[in-house]
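Okay, here's what each chain looks like letter by letter:
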Amino acid sequence: MSLEEATQDNLSYIINDMADKLQVVNRSIMDPEDYDLAKYDEIKSLHEVIQMKGQLSVSEIQVFVQELGNYRK
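Residues numbered from 1 in each chain as written. Predicted model: local features only at pLDDT ≥ 70, side-chain atom pairs only at ≥ 80, totals over all residues. Heavy atoms only, no water.

1. Side note on helix α2 (residues 40-53)
As a reminder, the rule being used: Strands are runs of DSSP state E lasting at least 2 residues, helices are runs of H or I lasting at least 4, and numbering of each runs from the N terminus. Residue count minus one, scaled by 1.5 Å, sets the expected span of a helix. Here's how the labels work: a residue is buried when its accessible area is under 20% of the maximum for its type, exposed when over 50%, partly exposed in between, all with a 1.4 Å probe on protein chains only. What the arc covers is the set of directions going from the helix axis to the C-beta atoms. Residues count as neighbours in contact if any of their non-hydrogen atoms are within 4.5 Å of one another.
Over its 14 residues, α2 extends 20 Å from the first C-alpha to the last, a length consistent with the 20 Å expected when each residue adds 1.5 Å. All of the buried residues along α2 are Tyr 40, Ile 43, Lys 44, Leu 46, His 47 and Ile 50. Burial along α2 is one-sided: seen end-on, the buried residues are contained in an arc of 155°. Exposed side chains of α2 directed beyond 90 degrees from the buried face belong to Asp 41 and Met 52. Against the buried residues of α2 lie α1 (8-21) and α3 (58-69). In the stretch just after α2, Gly 54 is the one whose phi turns positive, near 75°.

As C-alpha coordinates, this is what we get:
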(Lines give C-alpha, C1' and ligand atoms only; values in the text may rest on other atoms or scores of the structure.)
Protein backbone atom coordinates (compact mmCIF):
# COMPACT_ATOMS: atom_id res chain seq x y z
CA MET A 1 0.00 0.00 0.00
CA SER A 2 1.41 3.37 -1.01
CA LEU A 3 0.87 6.05 1.59
CA GLU A 4 2.54 8.83 -0.40
CA GLU A 5 -0.70 10.54 -1.45
CA ALA A 6 -2.64 12.54 1.14
CA THR A 7 -6.07 10.93 0.87
CA GLN A 8 -8.71 10.33 3.52
CA ASP A 9 -8.31 6.55 3.01
CA ASN A 10 -4.55 6.74 3.61
CA LEU A 11 -5.06 8.97 6.64
CA SER A 12 -7.59 6.48 8.05
CA TYR A 13 -5.17 3.61 7.51
CA ILE A 14 -2.32 5.47 9.24
CA ILE A 15 -4.44 6.58 12.22
CA ASN A 16 -5.90 3.09 12.72
CA ASP A 17 -2.48 1.46 12.42
CA MET A 18 -1.02 3.89 14.97
CA ALA A 19 -3.94 3.22 17.33
CA ASP A 20 -3.07 -0.50 17.15
CA LYS A 21 0.66 0.07 17.65
CA LEU A 22 0.08 2.55 20.50
CA GLN A 23 -2.41 0.15 22.09
CA VAL A 24 -5.04 2.88 22.39
CA VAL A 25 -7.98 1.56 24.38
CA ASN A 26 -10.26 4.57 23.89
CA ARG A 27 -10.52 4.49 20.09
CA SER A 28 -12.73 7.59 20.05
CA ILE A 29 -9.58 9.73 20.45
CA MET A 30 -8.16 8.09 17.33
CA ASP A 31 -11.13 8.62 14.98
CA PRO A 32 -9.60 9.36 11.56
CA GLU A 33 -12.41 11.83 10.84
CA ASP A 34 -11.11 14.04 13.67
CA TYR A 35 -7.70 14.55 12.05
CA ASP A 36 -6.85 17.29 9.60
CA LEU A 37 -5.92 15.97 6.16
CA ALA A 38 -3.81 19.14 5.70
CA LYS A 39 -1.52 17.71 8.43
CA TYR A 40 -1.10 14.41 6.56
CA ASP A 41 2.67 14.72 6.10
CA GLU A 42 3.23 15.34 9.82
CA ILE A 43 0.97 12.44 10.80
CA LYS A 44 2.67 10.19 8.25
CA SER A 45 6.07 11.12 9.71
CA LEU A 46 4.89 10.11 13.20
CA HIS A 47 3.64 6.83 11.74
CA GLU A 48 7.04 6.17 10.16
CA VAL A 49 8.82 6.78 13.48
CA ILE A 50 6.46 4.39 15.26
CA GLN A 51 7.06 1.78 12.53
CA MET A 52 10.85 2.11 12.86
CA LYS A 53 10.89 1.98 16.66
CA GLY A 54 8.84 -1.20 16.93
CA GLN A 55 8.53 -1.74 20.68
CA LEU A 56 7.52 1.43 22.55
CA SER A 57 7.76 2.25 26.24
CA VAL A 58 4.75 3.59 28.13
CA SER A 59 6.26 7.08 28.21
CA GLU A 60 6.93 6.98 24.45
CA ILE A 61 3.33 5.93 23.82
CA GLN A 62 2.10 8.88 25.89
CA VAL A 63 4.31 11.28 23.92
CA PHE A 64 3.06 9.97 20.58
CA VAL A 65 -0.59 10.18 21.67
CA GLN A 66 -0.04 13.76 22.89
CA GLU A 67 1.66 14.70 19.64
CA LEU A 68 -1.20 13.23 17.62
CA GLY A 69 -3.56 15.42 19.62
CA ASN A 70 -1.90 18.43 18.01
CA TYR A 71 -3.15 17.33 14.61
CA ARG A 72 -6.81 16.96 15.49
CA LYS A 73 -9.28 19.36 13.90
